[in-house]
Amino acid sequence: MEEITEGVNNMNLAVDNQKKNRIQVSNTKKPLFFYVNLAKRYMQQYTDVELSALGMAIATVVTVAEILKNNGFAVEKKIMTSTVDIKDDSRGRPVQKAKIEITLAKSEKFDELMAAANEEKEAAEAQEQS
């Protein structure tokens with residue numbers, strides 16, 4: 001019984017170690033602007049967001065970060081690159097994949113831009129209903 005309790009406690013610690021403001025981007029599962037909008041929501045909640053990707057999804061992460069920066073929503077805080085070993089089931093041996101982590105912080109104009117975007121959205125919805 002003690003072993004099970006210890007296992008559950010260790011599991012809880014593993015969950016706590018994962019960052020709550022991290023978005024792991026895939027280049028196949030969701031459209032690009034899903035990640036842009038998700039990152040905006042995360043920045044509203046946490047003030048900064050970490051975008052992370054492996055392999056072919058790196059281009060998607062860089063594009064999302066550039067969209068947020070160029071539109072004035074975010075500023076670049078940190079960029080980290082590395083390689084990770086991932087076990088490839090078809091080959092049976094580990095394969096190295098490139099990994100990128102981009103940390104973005106809210107820009108000074110973030111709240112102002114979000115308020116303006118919400119006003120535009122509400123005006124468009126009101127116009128559709130009339």
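Computed from a predicted model, the values in this text were never measured in an experiment. (Residues numbered from 1 in each chain as written. Predicted model: local features only at pLDDT ≥ 70, side-chain atom pairs only at ≥ 80, totals over all residues. Heavy atoms only, no water.)

Caption draft 1: Inspection of the sheet that holds strand β3 (residues 74-88) at higher detail. The mixed open sheet is built from four strands, whose spatial order is β1-β2-β4-β3. A single partner strand is all that each edge strand has here, and the edge strands are β1 (22-25) and β3. Adjacent strand axes in the sheet meet at a mean angle of 20° when their direction is disregarded. When β3 meets strand β4 (residues 93-106), the two strands line up antiparallel, connected through 14 bridges. Looking at the pairing, Lys 87 lines up with Pro 94 of β4. Against the sheet, helix α3 (residues 58-70) engages β1, β2 (48-54), β3 and β4, with an angle of about 5° to β4. (Pairing = 2+ DSSP bridges. Helix = DSSP H or I, 4+ residues; strand = E, 2+ residues; numbered from the N terminus. Axes fitted to C-alpha atoms, helices over the stretch in contact; angles between N-to-C directions. Contact = heavy atoms within 4.5 Å.)

Caption draft 2: Geometry of the side chain of Ser 26. Inspection of the secondary structure puts Ser 26 in the loop between β1 and α2 (32-46). Classification of Ser 26 as buried rests on a relative accessible area of 16%. Apart from the residues lying within four places of it in its own chain, the contact partners of Ser 26 are Tyr 35, Ala 57 and Thr 60. (Buried < 20%, exposed > 50% of the residue type's maximum accessible area, 1.4 Å probe, protein only.)

Caption draft 3: Up close: the pairing of β1. Here β1 shows a buried face lined by Ile 23 and Val 25 and an unburied face lined by Arg 22 and Gln 24. Strand direction decides the pairing type here: β1 and β2, joined by four bridges, are parallel. Directly across from Val 25, in β2, lies its bridge partner Ala 53. Crossover handedness for the path β1 to α2 to β2: right-handed. (Right-handed = clockwise from strand over helix to strand, strands pointing away.)

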